[in-house]
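Coordinate analysis (summary)
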Amino acid sequence: MKDQELLEVKPAERTGSANADVRPWTPDRSGRSGALGSAMTRLEDPALLTGAGRYCDDAPVAVGTLYAAILRSPKAHAKILSIDVSAAKALPGVHAVITGEDIRAISDPFLVALKAPIDQWSLAVDAVRFVGEAVAVVVADDRYIAEDGVELVNVTYEDLPVVVDCLKAVQPDAPVLHAPAGTNEISNRRFVYGEPDKAFAEAAHVVKTELVYPRSSYTPMECFVVVAEYHKASQSYDVYSNFQGPFSAHPVMAKALRVPGTKLRLRTPADSGGSFGIKLSVFPYIVLMALASRITGRPVKWVEDRFEHLSAASSGPNRVTTIEAAVDKDGRIHGLRMDCLEDYGAFLRAPMPGPLYRMHGALTGAYDIRHLDVTNRVCLTNKMPAALIRGFGGPQIYFALERLVQRIAVELGLDPLDVIRRNLINKEAFPYRTASGALYDSGDYAQAIEKALADGRLEELKARRDAARAEGRYYGIGFAAVVEPGMSNMGYLSTLVPAKVRERVGPKNGAVSMVTVNVDPVGAVSVTADVTVQGQGHQTVIAQIVAEQLGLTPQEILVNLEIDTQKDQWSIAAGSYSCRFSPGTAPAAHIAAQRIRDKVARIAAKQLNTVAEDIDFANGMVFSKSNPDNSMPFSRAAGTAHWSPVLMPGNDQPGLREIGVWSPPELEPPSSKDEINTSLTYGFVFDMCGVEIDPITMEVRVDRYVSMHDAGYLLNPLIAEGQIRGAFVQGLASALYEEFVYDESGAFLSGTFADYLVPTACEVPEIEILHIETPSPFTPLGAKGLAEGNCMSTPVCIANAVADALGVESIQLPITPSRINDLLAGEESRPAKQIQTATDGGSTSARAGHMLTGKGEFVVAAAPEQIWNSLLDPEKLKTVIPGCHTVSVVEPFKYRAEVTLGVGPIKGRFVADVQLSDLQEYRFARLSGGMSGPLGGSEGEGTVTLEALPEGTKVSYTYSVGVSGKVAAVGGRMLERAAGMVIGQFFERLSRVVKPEEDGPANTASTTPRWKRFLGLGR
């Protein structure tokens, strides 16, 4: 398609005095190497691909730096009765063991968006509210000693009721997480736009559905890293961390540390191994390590491990949406009603509940729907706190809206594409104001869809579907049309409170982006910006923008995106999130570069005896347009500002440094009617896919996927395609693989990549990417945000295709083979796996929720009496139990043992208490009890039965054990294998201990007298 013309903008009329000198950019489509708009390869890649990146953990640390390890809660909800740190403090090399009480004494709880008493410090105080919550920190000479110290901290808990289901959490009888709040539903706001009641009363049809969007995250290669140092003389903190922003969290951290913002210096690294939103959530650990440095008087470094990251970093919130549409007979939607219940876990971390409100202006998506009734509810549960992840509320809203559109088509007997087309916003309506207040800048949705369907793409999908169904195979086609916001209005969250409250506290709105361009005395150009690095290619695009203005090559522009809050420009909007770069940082770079260009043009004009308007820049030269031979090198013209101040023209000052500040006026505060333009730009994504479901394995295979994008002018098509592909993979993961799973007790069950299934290259299908360009009239570069779209569109597009294939109404993400089987065969109870282990000692366990249940049998070459006596003899039992350090008798037939056990890569020390009951001497015993330690715990019971055989004794056993904490998080596969290994080792050692020749007649006597002698109760 031929590129559409850049919509003409009159900056002085539209942007006000602050941006009055901004000139729109006209794209260069000549294919010139490195030109803005060309598919230039990334400048960052040589270093990253050769291992020369500079990540947070690579940075050198000061001499004397200590290292921290964190003790985390194995309980989902419990009072902290006591914390015994004496053994940990006594460990050589440990400098401090810090608890919540230590933290409370020198810091404040974190600010939250809601005025609700839900205090959270950087360590648990008084109680824990989710598995993985930080309870104590051990600071030592190295990480190894710190980890050993963590195992020696003994915490006594008192269990409290747990609620993990958000629907149950908002019931009147639900256990309340924060007693001062009095409820788990900490916010409930209703918004009405237009006349939805009338629309529903007059509707020919009402189509309604309820949808659940699960918890998941997008796992970066690099986890959290914090290096913190407290400067006692200035009472200030210096922190180096891979924090991504938004920097609105900076004042939150400063207040928690009880210092002004100027005394919290936050520095970010040159490179980051991905973030996808989650590295906002490092901020509580920034505060924690800063306080640890203050307490120890030394710099402190902490590096998060993968188990900590999966179980406690953060995730996207899960949401339950009830949505209904008022529809005419042709599928035209006249009104929507929505009830959105969003689960933020145990705490509301700033800037939550962002995902529930960031999309508020775009609730009607790509559709022209004028009547809207929406209720937003925020609740808390005993799960890890939720925060930003890529898409930031978009996946949840579009999963509901686009599933509803498909249901309308099914229930009315219409083609889903026809329903989409009839409801699209018309291109003549742009800029378009939605019912809830968003100002969509530009678009031609109908044309984008037609181009995606063209060239036989739709016909081919239909042919594949018809052929598959003719052979009895499951094949479906899905569609999704979504609007992709870019550059968030920082005032969107103020919609959370009523207009009268907003009037009292003053307006909050807008977004500021800042870029500085500096030219040194020999003409070398360097750039800094208020955007953090996460691997998107920002350095390359900024270099292209600046080079385009100054007539240089991008390779000649040095871009440094490290941020130091004590000396670099930044605002509360700083960071990299919510598609902020193209509509925000890029225009700021454009403005700064234009100002440098204008100043150099004035300098050169004076020396070339012409006027500034006659000056042009190209190939490193500054020259007269009317006489190109009248020229001078850029470096000479720029150097004048440093070397010859007397040659500066007019009122220009010496030096050559300009700051570009971009603050678009379209990002207004919410209106008195709660209308809010939540973002500056709004791209468009239309997806179409075909999927086939294997009738044997129930696996979903994406047969073909087409994704059409309108992101305005593409600043670098190659980087744009890379970002789209990355978003598609993560959208695919949400659709088919990834989910954070908790059981009813709050145990976290997906704490390794064995159970949290991140797709690899083998699982990712090819995607066909298409583009049209309708430039934004609200940015000087015409570019819109890009890179989150497929995180929003792909999950629902695949879900619609699966629903089409199976002919079902309800689809739950992720669409796993087991869920497909439930849809086709109906849910059924699954018995525990039973694997006989007499020969190989394998596991007999199967997981039901967080429970391990199983049974098995071994044959031991000894008489029942010998085995019985060995099982009741503490000294022999110590040699039989794998990893056992000590066994003591608490009372008759009650043991306490200290053991070290490992589950996959997790290994730790535990205290186990076991009670024997229902004893039938030499025949049967029941065991019950539990085990606890820093890595988690277990509770359960089992039985042991002895049966004499000619060759020895058949030992049969059963068990049912519930696990919690980090042990549960390793997932069913590792737990089952670990259980099998421990059981196998136990019986193998038992066989050695009870050799017949070592046991005389005395060992066949009743155990009761021997126990009395052991306990000192008699002879």
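Residues numbered from 1 in each chain as written. Predicted model: local features only at pLDDT ≥ 70, side-chain atom pairs only at ≥ 80, totals over all residues. Heavy atoms only, no water.

**Overview of the overall build of the chain**
- Within the chain, the secondary structure is distributed over 27 helices and 36 strands.
- The buried share of the chain, reckoned over its 1019 residues, is 59%.
- Residue pairs at least 24 apart in sequence account for 76% of intrachain contacts in the chain once pairs closer than 6 positions are excluded.
- Carbon and sulfur atoms make up 52% of the accessible area of the chain, which amounts to about 38,600 Å² in all. (Helix = DSSP H or I, 4+ residues; strand = E, 2+ residues; numbered from the N terminus. Buried < 20%, exposed > 50% of the residue type's maximum accessible area, 1.4 Å probe, protein only. Contact = heavy atoms within 4.5 Å. Areas by Shrake-Rupley, 256 points an atom, 1.4 Å probe, with all protein chains shown as cover.)

**Section: empty space enclosed by the protein**
- The tally for this structure, following the rule as stated, stands at eight cavities of 30 Å³ or more.
- Its boundaries defined by the atoms lining it, the second largest cavity holds a volume of some 90 Å³.
- As for the second largest cavity, its lining consists of 14 residues, of which Q120, S122, A134, Y285 and R349 are closest to the centre.
- Among the residues forming the lining of the second largest cavity, the class breakdown is eight nonpolar, three polar and three charged. (1 Å grid on protein atoms, 1.4 Å probe; cavity = no way out; pocket = protein on both sides within 12 Å on 5 of 7 lines; lining within 4 Å. Points joined across faces, edges and corners; volume = space filled by probe spheres on them. Nonpolar A, V, L, I, M, F, W, Y, C, P; charged D, E, K, R; others polar.)

**Looking at the packing of helix 12 (residues 394-412) against helix 21 (residues 789-806)**
- Across the interface, helix 12 lies against helix 21 with an axial gap of 8 Å and an inter-helix angle of 30°. As judged from the angle between their axes, helix 12 and helix 21 are roughly parallel. Along this stretch, helix 12 crosses helix 21, giving a crossing that reads as right-handed. Along its contact with helix 12, which presents G394, P395, Y398, F399, E402, R403 and Q406, the element helix 21 presents C791, M792, V796, A799, N800, A803 and D804. (Axes fitted to C-alpha atoms, helices over the stretch in contact; angles between N-to-C directions. Parallel < 35°, antiparallel > 145°, perpendicular 65-115°, else oblique. Left-handed = near helix turned anticlockwise from the far one by under 90°.)

**A look at the packing of aromatic side chains**
- Tallied over the full model, the rule gives 24 aromatic pairs.
- Taking 6.2 Å as the distance between ring centres and 20° as the angle between the ring planes, the aromatic pair formed by F479 and F686 counts as stacked. With F479 in strand 18 (residues 474-488) and F686 in strand 26 (residues 679-693), this residue pair connects regions lying 207 residues apart in the sequence. There is no split in this pair, since F479 and F686 are both buried.
- Through successive ring pairs, a cluster of aromatic residues spans F740, Y742, F748 and Y756.
- The ring of W121 is capped by R104, whose NZ or CZ atom sits 5.9 Å from the centre of that ring.
- Against the face of F200 rests R337, its NZ or CZ located 4.0 Å from the ring centre. (Phe/Tyr/Trp six-rings, centres within 6.5 Å; stacked < 30°, edge-to-face > 60°. Lys NZ or Arg CZ within 6 Å of the ring centre and 35° of its normal.)

**With respect to helix 9 (residues 283-296)**
- Taking 1.5 Å of rise per residue, the 14 residues of helix 9 would be expected to cover 20 Å, and the 20 Å separating its terminal C-alpha atoms lies within 8% of that figure.
- With 12 of its 14 residues buried, helix 9 lies for the most part within the structure.
- Among all positions of helix 9, only F283, P284, Y285, I286, V287, L288, M289, A290, L291, A292, S293 and T296 are buried. (Expected span 1.5 Å × (residues − 1).)

**So, the sheet that holds strand 6 (residues 154-159)**
- Read from one edge to the other, the open sheet built from three strands follows the order 4-2-6, with strand pairing classed as antiparallel. Of all the strands in the sheet, just strand 4 (127-128) and strand 6 have a single pairing partner and so form its edges.
- In this structure, strand 2 (residues 78-84) lies alongside strand 4, joined through two bridges in antiparallel fashion. Following the sheet pairing, K79 is matched in strand 4 by A127. (Pairing = 2+ DSSP bridges.)

**Considerations on the pattern of salt bridges**
- Applying the stated criterion across every chain, the model contains 54 salt bridges.
- For the salt bridge of R457 with E768, the shortest nitrogen-to-oxygen distance reads 2.9 Å. With R457 in helix 15 (residues 457-470) and E768 in strand 28 (residues 768-772), this pair connects stretches of sequence that are 311 residues apart.
- What you see here is one network of salt bridges that share partners, running through D455, R457, E460, R464, E471, R473, E692, R701, D703, R704 and E768. (Salt bridge = Lys/Arg side-chain N within 4 Å of Asp/Glu carboxyl O.)

**Some details on the nonpolar core**
- Y440, F686, I798, V802 and I815 are the most contacted members of the largest nonpolar core, which has 182 residues in total.
- With 60 residues, the next largest nonpolar core counts L552, I557, I591 and L667 among its residues. (Core = buried A, V, L, I, M, F, W, Y, C linked by side-chain atoms within 4.5 Å.)

**Considering helix 8 (residues 249-256)**
- Burial within helix 8 is extensive, with six of its eight residues counted as buried.
- Among all positions of helix 8, only A249, H250, V252, M253, A254 and A256 are buried.
- Against the buried residues of helix 8 lie strand 11 (264-267) and helix 9.
- Backbone geometry just downstream of helix 8 places R258 in the positive-phi region, at approximately 65°.

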